[in-house]
Amino acid sequence: SQQGEEDPQALSIQEGENATMNCSYKTSINNLQWYRQNSGRGLVHLILIRSNEREKHSGRLRVTLDTSKKSSSLLITASRAADTASYFCATVPIQGAQKLVFGQGTRLTINP
Amino acid sequence: NAGVMQNPRHLVRRRGQEARLRCSPMKGHSHVYWYRQLPEEGLKFMVYLQKENIIDESGMPKERFSAEFPKEGPSILRIQQVVRGDSAAYFCASSPVTGDAGELFFGEGSRLTVL
């Protein structure tokens, strides 16, 4: 079963607005990562947040992590049409082999 | 510095045939992961390999699927006697470190269509 569950499944906003995507997971984690996938392409790593971190920034991206609620959010500020893609959260569990477990993704559409 | 290279990018097979998907990790990376993605879905973990060693194959179907990462050459994901349900995009990813899983570097995927 998937560890991460993204919410919403699909999001459509106007260019310039902020986009917020959420991810919930079930088991204790080592770290949580967000990836982006353009249609028909591979995944590109965006940002990694460790279990002892609460917030991280990278350019227009802001990621938060609440381990007590087992949830994370990805905020993209001042969205651009080029941000249109699917966004996935992925977790690395504390126990077991160090592998990424992906959620179902949020399909983000930025309307020009 | 080339990224993760997967080939073929597209593969069409008839039911019962074999599919072989190849993955060359980034230079210096010794860990390879294979994932499967169905349309409009997330990636499902299949197998994690190091050179000449399978670390975790908990996501691999028990029959028809196998993977290897030999000392020399690319990692191979092999699907024998393919069925329509095997149609999917298969992604390979690599990483340089172990013990503290960080960023994975993904290839562009191999899209298998079974007729």
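Residues numbered from 1 in each chain as written. Chains lettered and ligands numbered in written order. Predicted model: local features only at pLDDT ≥ 70, side-chain atom pairs only at ≥ 80, totals over all residues. Heavy atoms only, no water.

### Here we look at the packing of aromatic side chains
The way to describe two aromatic rings as a pair is by their centre distance and the angle between their planes.
Here is step 1 of the chain: Using the criterion set out here, one finds 7 aromatic pairs over all chains in the structure.
Here is step 2 of the chain: Both rings, one in tyrosine 35 of chain B and one in phenylalanine 106 of chain B, keep their centres 6.0 Å apart while their planes meet at 50°; by these two values the pair is tilted. Residue tyrosine 35 of chain B is found in strand β4 (residues 31–37), and its partner phenylalanine 106 of chain B is found in strand β10 (residues 105–106); the two are separated by 71 residues along the sequence.
Here is step 3 of the chain: Three or more aromatic residues joined by ring pairs form one cluster here, namely Tyr35 and Phe102 of chain A together with Tyr35, Phe45 and Phe106 of chain B. (Phe/Tyr/Trp six-rings, centres within 6.5 Å; stacked < 30°, edge-to-face > 60°. Helix = DSSP H or I, 4+ residues; strand = E, 2+ residues; numbered from the N terminus.)

### Things to note about the interface of chain B and chain A
Frequently, the measure chosen for interface size is the accessible area that the parts lose on association.
Here is step 1 of the chain: Contacts between the two partners involve 24 residues from chain B, matched on the other side by 23 residues from chain A.
Here is step 2 of the chain: Roughly 1900 Å² of surface becomes buried between chain B and chain A when both sides are summed, with 46% attributable to carbon and sulfur atoms.
Here is step 3 of the chain: The interface formed by chain B and chain A holds 2 salt bridges in total.
Here is step 4 of the chain: For lysine 99 of chain A, the salt bridge is made with aspartate 56 of chain B, and the minimal N-O distance between the two is 2.9 Å.
Here is step 5 of the chain: In this structure, the connection of chain B to chain A is made through 8 residue pairs in polar contact (both at pLDDT 80 or more).
Here is step 6 of the chain: Of all elements in the fold, only β4 and β5 (43–50) of chain B reach the threshold of two or more residues within the side of chain B that touches chain A.
Here is step 7 of the chain: No other element matches the 4 residues that β5 of chain B contributes to the side of chain B that touches chain A.
Here is step 8 of the chain: A class-by-class count of the residues in the side of chain B that touches chain A yields 9 nonpolar, 6 polar and 9 charged. (Contact = heavy atoms within 4.5 Å. Buried area = accessible area lost by both parts, 1.4 Å probe. Salt bridge = Lys/Arg side-chain N within 4 Å of Asp/Glu carboxyl O. Polar contact = N/O pair within 3.5 Å; in protein donor to acceptor, adjacent residues only side chain to side chain. Nonpolar A, V, L, I, M, F, W, Y, C, P; charged D, E, K, R; others polar.)

Any functional reading would require information that these geometric values do not contain.
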